Amino acid sequence: MSERCGWVGVDAIYEAYHDTEWGVPEYDSRTLWEKLILDGFQAGLSWITILKKRDNFRAAFQGFDPDIIARWGEDDVLRLLADPGIIRHRGKIEATIGNARAWQRIEIDKGFDRYLWDFVGGKPIQNRWATLADVPAYTDLSVEISKDLKRKGFKFCGPTIVYAFMQAMGMVNDHLVTCPCHAQVAKLAR
């Protein structure tokens with residue numbers, strides 16, 4: 001694959017993420033929540049940092065089970081702040097616990113997956129960007145979703161984070177048209 005999207009570094013973990021995961025439509029509520037949380041932890045950092053620590057995050061956060069994390073308190077925050085395998089940021093850790101509680105409310109109400117996919121009518125937006133310069137950092141839709149998530153109690157979900165999440169979970173196909181993954185991901189739309 002010689003024409004990957006230009007943001008992909010030469011690290012094998014980055015290439016594998018791009019080729020097999022990024023932009024592939026995800027419909028599992030818990031997996032979607034994990035992706036949103038990791039995008040929140042990425043704020044201010046490079047994505048490769050999160051990818052390299054993802055297994056550590058999964059271990060530290062009990063497989064990203066929001067039902068477990070929603071019951072956590074200060075002792076768990078302190079435990080995580082002492083864990084060198086993750087990003088040790090109190091605000092992001094506390095937000096994750098609060099976000100687990102917000103996820104539970106949405107999951108009970110309609111399902112986190114359905115809640116998110118309803119913003120696009122259940123189908124990924126198929127963008128046709130020619131260059132990285134064409135790809136926006138956020139969109140009107142990511143602003144709308146960000147505001148709604150915040151209204152529902154989520155934190156660390158600003159419009160730029162939400163747009164990165166939308167790209168990662170396949171709500172939008174932002175592979176460049178020159179990237180072989182663009183056509184592959186487009187075929188996966190329900």
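Because the structure is predicted, anything quoted here is derived from the model rather than measured.

Asker: Any chance you could explain the overall build of the protein chain here in plain terms?
Answerer: Per the secondary structure count, the protein chain includes ten helices and two strands. Counting from the amino terminus, helix and strand elements in the protein chain follow one another as α-α-α-α-α-α-α-β-α-α-β-α. Principal-axis analysis of the C-alpha atoms gives the protein chain an extent of 50 × 35 × 25 Å. For the protein chain, the residues scored as buried account for 47% of the 190 residues in total.

Asker: Sorry, what's going on with helix 6 (residues 90–109) here?
Answerer: In an α-helix, one turn spans 3.6 residues, which is why side chains three or four residues apart end up on the same side. For helix 6, built from 20 residues, the straight-helix expectation of 28 Å at 1.5 Å per residue is met to within 8% by its first-to-last C-alpha distance of 29 Å. Residues of helix 6 that are buried: K92, I93, A95, T96, I97, N99, A100, A102, W103 and I106. Its buried side turned inward, helix 6 meets helix 2 (29–42), helix 4 (66–69), helix 5 (74–81) and helix 7 (112–117).

Asker: When you look at empty space enclosed by the protein in this model, what are you seeing that I'm missing?
Answerer: Rolled over the atoms, a probe as big as a water molecule pinpoints where empty space is left. Enumeration according to the criterion identifies one cavity of 30 Å³ or more in this entry. Roughly 60 Å³ of internal volume is contained in the largest cavity. Lining the largest cavity, in full, are L36, I37, G40, F41, K92, A95, T96, N99, K155 and F156. Contributions of two or more residues to the lining of the largest cavity are made by helix 2 and helix 6. Split into classes, the residues belonging to the lining of the largest cavity amount to five nonpolar, three polar and two charged.

Asker: What is the right way to read the state of the cysteines from this model?
Answerer: Here a disulfide denotes one covalent bond, and it connects the sulfur atoms of two cysteines. Enumeration over the complete set of coordinates arrives at zero disulfides. Looking at the unpaired C181, the closest cysteine sulfur is the one in C179, lying at 4.2 Å. Since its relative accessible area comes to 1%, C181 is described here as buried.

Conventions adopted
- Residues numbered from 1 in each chain as written.
- Predicted model: local features only at pLDDT ≥ 70, side-chain atom pairs only at ≥ 80, totals over all residues.
- Heavy atoms only, no water.
- Helix = DSSP H or I, 4+ residues; strand = E, 2+ residues; numbered from the N terminus.
- Buried < 20%, exposed > 50% of the residue type's maximum accessible area, 1.4 Å probe, protein only.
- Expected span 1.5 Å × (residues − 1).
- Contact = heavy atoms within 4.5 Å.
- 1 Å grid on protein atoms, 1.4 Å probe; cavity = no way out; pocket = protein on both sides within 12 Å on 5 of 7 lines; lining within 4 Å.
- Points joined across faces, edges and corners; volume = space filled by probe spheres on them.
- Nonpolar A, V, L, I, M, F, W, Y, C, P; charged D, E, K, R; others polar.
- Disulfide = S-S within 2.5 Å.

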